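Summary of the model geometry
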Amino acid sequence: MVAHADRPARPLAAATRLVGGGRPARAPGASVSPELALTSTYVAGADLNYARVGNPTWSAFETTLASLEGDASTTALAFASGMGAISAALSLLPHGGRVIAPRHFYNGTSAVLDTWHEAGRAHLTRVDLADDGALDAALAAGCDLVWVESPSNPMLETCDVAAVTRRAHAAGALVVEDNTFNTPLGRRPLDDGVDVVVHSVTKYLAGHSDVLLGAAVTNDADLAARLLTARTLGGAIPGPQETWLALRGMRTLHLRWERACANAATLAARLREHDDVARVRHPGTGAMIALELRGDADAARAVEQLVEVWLPATSLGGVESMLERRRRHALEPASVPENLLRLSVGVEDVEDLWADLDDALRRAHAAPAD
Ligand SMILES: *Cc1c(COP(=O)(O)O)cnc(C)c1O
């Protein structure tokens with residue numbers, strides 16, 4: 001657990017913190033790059049005495065992420081994966097606790113809560129978080145935790161997180177937001193009063209589709225201590241090498257995010273005019289787009305096979321553009337259309353992305369797969 005270090009009087013911009021965060025103290029001959037600390041234990045006599053509790057490479061990553069999501073009172077904790085961080089956040093629930101979640105959200109989190117609901121370990125209510133009346137009715141039945149994704153995966157539905165958080169807090173519930181799709185450059189949920197932010201660092205933060213990592217971030221010292229206990233005793237700790245790679249990838253987050261968002265805005269506008277596309281979901285920010293095709297599931301499968309620049313693959317947030325028919329996953333609910341393609345727009349040349357996608361959509365429409 002590492003609180004963000006002291007700031008200079010004039011706070012540095014996010015880009016500067018991304019580039020400069022977590023580096024060793026300046027001294028003649030010191031390394032400019034953080035240490036990759038491969039050790040399972042430490043010589044006795046200091047606070048940190050075993051590597052399941054802490055690691056200098058984690059600290060370098062954590063201080064950098066904490067400074068992006070919050071301020072000097074913010075704590076970030078690295079986990080072995082996004083699901084590791086999500087599991088720690090869900091461990092804040094009392095046994096039999098009541099959870100309100102959006103209609104659609106990441107299918108891994110959703111599957112955990114469904115399983116707990118069926119087992120009587122938690123009670124899950126799904127509501128449209130943009131519908132104040134529905135949210136208030138669900139809160140009135142009692143609630144311990146509201147889970148937020150805005151935009152949601154994969155339907156890209158949004159809600160007013162500050163308003164949801166005010167209502168949830170008034171009802172005595174904690175609020176956790178999965179901020180993976182926004183990154184701290186797109187949104188800073190702690191500023192809206194959200195209690196805990198979780199990330200699949202695997203996606204935009206690490207950014208190169210070569211590492212799995214997660215993080216949980218909070219301004220509340222008590223919640224930070226509980227999340228640290230969940231990590232230390234749960235044992236789902238990140239590897240130092242993965243953490244080092246994630247921080248290395250994060251150095252360019254601002255550049256990648258700016259380009260990916262610009263590419264996505266261009267593509268979303270063109271796709272809205274495309275004859276073979278029935279509906280474009282793009283919340284106006286970010287680099288994720290969901291398309292409903294004019295064709296059926298087979299047309300979506302054909303697009304996956306016809307693209308040559310886009311990678312047909314799950315996951316998102318890497319430099320490389322990816323797309324997939326989301327319903328190919330058994331966990332994805334039936335309310336996600338069969339012909340929905342989720343696009344993660346990367347940082348390639350936008351005209352190459354457009355030409356490849358346009359060609360695949362036309363060919364899929366002309367000759368759908370059998
Ligand atoms: C991928 C993803 C996760 C899970 O993260 P892992 O790093 O794969 O464990 C959680 N939430 C969202 C929104 C994701 O896209």
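Residues numbered from 1 in each chain as written. Predicted model: local features only at pLDDT ≥ 70, side-chain atom pairs only at ≥ 80, totals over all residues. Heavy atoms only, no water.

**Re the packing of aromatic side chains**
Convention followed: Aromatic rings from Phe, Tyr and Trp, with only the six-membered ring used for Trp, were paired whenever their centres fell within 6.5 Å, and each pair was classed as stacked if the ring planes differed by under 30 degrees, edge-to-face if by over 60, and tilted otherwise. For the purposes of this entry, the term helix denotes a DSSP run of H or I that reaches at least four residues, the term strand denotes a run of E that reaches at least two, and both are numbered from the N terminus. Throughout this description, buried means an accessible area under 20% of the type-specific maximum (1.4 Å probe, protein chains only), exposed means over 50%, and partly exposed covers the range between. In our convention, an over-ring charge means Lys NZ or Arg CZ found within 6 Å of a ring centre and within 35 degrees of that ring's normal.
Evaluated as defined, the whole model comprises one aromatic pair. Ring centres 5.1 Å apart and planes at 85° place the aromatic pair Y204 and W257 in the edge-to-face group. One end of the pair, Y204, is in the loop between β7 (196-200) and β8 (214-218); the other, W257, is in helix α10 (residues 253-272), with 53 residues separating them in the sequence. You'll find Y204 and W257 in the same group, each marked buried. R121 extends its terminal NZ or CZ atom over the ring of W116, reaching a point 3.8 Å from the ring centre. When the ring centre of Y106 is taken as origin, the NZ or CZ atom of K203, which lies over that ring, is 5.6 Å away.

**Some words on the sheet that holds strand β9 (residues 277-281)**
Strand-to-strand pairing in sheets goes through backbone hydrogen bonds, with the strands running parallel or antiparallel. The following threshold applies: DSSP bridges decide pairing: two strands pair if at least two such bridges lie between them.
Strand order in the open sheet formed by five strands is β9-β10-β13-β12-β11, and the pairing between neighbours is mixed. The outermost strands of the open sheet, each flanked by one partner alone, are β9 and β11 (311-312). One ladder, built from two bridges, connects β11 with strand β12 (residues 322-325); its direction is parallel. Within β12, the position partnered with P312 by the bridge is L323.

**Describing the packing of helix α11 (residues 297-306) against helix α12 (residues 350-366)**
To keep things clear, this is the line we draw: For helices, the fitted axis covers only the stretch in contact; all axes are lines through C-alpha atoms, and the angles between them, taken along N-to-C directions, range from 0 to 180 degrees. Roughly parallel means an angle under 35 degrees; roughly antiparallel, over 145; roughly perpendicular, 65 to 115; everything else is oblique. Less than a right angle of anticlockwise turn of the near helix away from the far helix marks a crossing as left-handed, whereas a clockwise turn marks it as right-handed. Whether two residues touch is decided by their heavy atoms; if any such pair falls within 4.5 Å, the residues are in contact. Residue type decides the class: Asp, Glu, Lys and Arg count as charged, Ala, Val, Leu, Ile, Met, Phe, Trp, Tyr, Cys and Pro as nonpolar, and the leftover types, Gly among them, as polar.
Two numbers describe how α11 lies on α12: the axes approach to 9 Å, and their chain directions differ by 135°. If you check the angle between α11 and α12, you find them oblique. Note that α11 runs across α12; the crossing there is right-handed. Each of A299, A302, V303 and L306 in α11 lies in contact with α12, whose residues at this interface are L357, A360, L361, R363 and A364. Within the contact of α11 with α12, the residues separate by chemical class into eight nonpolar, no polar and one charged.

**So, the environment of P283**
Mapped onto the secondary structure, P283 falls in the loop between β9 and β10 (288-293). P283 sits 22 residues away from Q305 along the chain, and the two C-alpha atoms are 27 Å apart. For P283, the contacting residues outside a window of four places in its chain are P151, L156, T158 and M288.

**Here we look at the site of the ligand**
We apply this condition: Consider each residue's heavy atoms; a residue with any of them within 4 Å of a molecule or strand counts as near. Between N or O atoms, a polar contact is any pair within 3.5 Å; within protein, one atom must be a potential hydrogen donor and the other a potential acceptor, and residues adjacent in sequence are included only when both atoms are from side chains. For the area figures, the Shrake-Rupley method with a 1.4 Å probe applies, and any residue is considered shielded solely by the protein chains shown.
In the vicinity of the ligand there are 14 residues, among which M83, D178, S200, T202 and K203 approach most closely. Here a nitrogen atom of the ligand sits 2.6 Å away from a polar atom, N or O, in the side chain of D178. At 2.8 Å, a side-chain N or O of K203 approaches an oxygen atom of the ligand. Surface burial for the ligand is 92%, taken as the share of its 380 Å² of free accessible area covered by protein chains. Examining the composition of the shell around the ligand, we find that three residues originate from one element, helix α3 (residues 82-90), more than from any other.

**What about helix α9 (residues 240-250)?**
Among the residues of α9, P240, T243, A246, L247, G249 and M250 are the ones counted as buried. Buried-residue contacts for α9 involve α1 (14-20), α2 (56-69) and α10.

**As for the UniProt feature "modified residue: N6-(pyridoxal phosphate)lysine" (unreviewed entry) in the protein**
In plain terms, the rule: UniProt positions are given in the numbering used here, feature names are shortened, and annotations may be inferred rather than shown by experiment.
Under the local residue numbering, the UniProt record ascribes the feature "modified residue: N6-(pyridoxal phosphate)lysine" (unreviewed entry) to K203. Among the secondary structure elements, K203 is positioned in the loop between β7 and β8. If sequence neighbours within four positions are ignored, K203 has contacts with T180, S315, L316 and G317.

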